[in-house]
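# Descriptive structure summary
For reference, the chains in residue letters:
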Amino acid sequence: MRLKKVIFLIIVLIIQTSYTFASKSISIGYQAKYKFLLKSLSPSQINNLLFDTLMTRSLDEPSSSYSLIAKSYRLSDDQLSVEYYIDERAKFSNGDRVTAYDVKQSFDLLVSEAAHPQYRIYWSDVDKAVVVDDLTIKFIFKRTNPELHMIIGDLPIFSKKWLSIEEFPNNVKKLPI
């Protein structure tokens, strides 16, 4: 019974910042709804619950990625770029379609100076993102890396309507789309 209460409280803490149980109040003061800024403190694993990525990893196959927002990708012959083709059925919670412009803005936000430095380090071998058309995004690499096309597949995708680069560091509590 005690384990059930602990699990229940952990779930509540992830979902909201305060809860009253048996006349005892528990309060956690999270500074953000997501963990993309250095100064933000948010519930553990919240990014996995709020944001989808281009591809998803298989926990039992370390070198495998499967389609999520992207329906497929094509690695160039020289392995210096990859094109992701976004599934036309992919939508945000408000019903808007996910586009290559959303993917580019997500990448640009996360490698900006305002974002947590871990993202700039993680994608440091990616030179830039280029929108080919509404449903195709191309990532150009600085050097060959046999895993880089899968690493960029871990990019969480935000709606371009959610935050601009200027708003990004100041709106840590704005709910995502």
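This structure is a prediction, so every number in the text was calculated from the model and none was measured.

### Considerations on the pairing of strand 8 (residues 136-141)
Looking at chain direction, strand 6 (residues 81-86) and strand 8 are connected through five bridges and run antiparallel. When the sheet's bridge partners are listed, Val82 is paired in strand 8 with Phe139. As paired elements, strand 7 (residues 126-133) and strand 8 share six bridges and run antiparallel to each other. Looking across to strand 8, one finds that Val126 is bridged to Phe141. With antiparallel pairing between neighbouring strands as the criterion, strand 7 and strand 8 make up a hairpin whose turn holds two residues.

### Description of the sheet that holds strand 5 (residues 70-75)
Ordered by their spatial adjacency, four strands build an open sheet running 5-6-8-7, and the pairing between neighbours is antiparallel. Because the sheet does not close on itself, it has two edges, and the strands there are strand 5 and strand 7. Pairs of neighbouring strands in the sheet enclose a mean axial angle of 20°, with direction left out of account. Along the sheet, helix 3 (residues 100-110) contacts strand 6, strand 7 and strand 8; its crossing angle with strand 7, the most-contacted strand, is approximately 165°.

### Some points on helix 3
Counting buried positions along helix 3 yields eight of 11 residues, so the element is predominantly enclosed. The inward-facing, buried residues of helix 3 abut strand 6, helix 4 (117-122), strand 7 and strand 8.

### Points about unusual backbone geometry
We note that Gln79 has phi near 60°; this positive angle belongs to a residue other than glycine. Checked against the element boundaries, Gln79 lands in the loop between strand 5 and strand 6.

### A look at the nonpolar core
In summary, soluble globular proteins display a tendency toward joint burial of nonpolar side chains. Counting 31 residues, the largest nonpolar core has Leu54, Tyr84, Trp123 and Phe139 as its most contacted members. Put simply, the parts of the chain that give this core at least two residues each are strand 6, helix 3, strand 7, strand 8 and helix 5 (148-151). Sort the elements by how many residues they give to this core and helix 3 lands first, with five residues. Setting aside residues up to four positions removed in sequence, Trp123 forms contacts with Phe107, Leu110, Val111, Ile151, Ile152, Asp154, Leu155 and Pro156.

### Description of the confidence of the model for the protein chain
Averaged over every residue, the pLDDT of the protein chain is 79; residues scoring 70 or more account for 64%. Note on residues 25-33: pLDDT is under 50 here. Beyond four places in sequence and across chains, it has 35 contacts.

Cut-off values and rules
Residues numbered from 1 in each chain as written. Predicted model: local features only at pLDDT ≥ 70, side-chain atom pairs only at ≥ 80, totals over all residues. Heavy atoms only, no water. Pairing = 2+ DSSP bridges. Helix = DSSP H or I, 4+ residues; strand = E, 2+ residues; numbered from the N terminus. Axes fitted to C-alpha atoms, helices over the stretch in contact; angles between N-to-C directions. Contact = heavy atoms within 4.5 Å. Buried < 20%, exposed > 50% of the residue type's maximum accessible area, 1.4 Å probe, protein only. Core = buried A, V, L, I, M, F, W, Y, C linked by side-chain atoms within 4.5 Å. pLDDT = per-residue confidence, 0-100.

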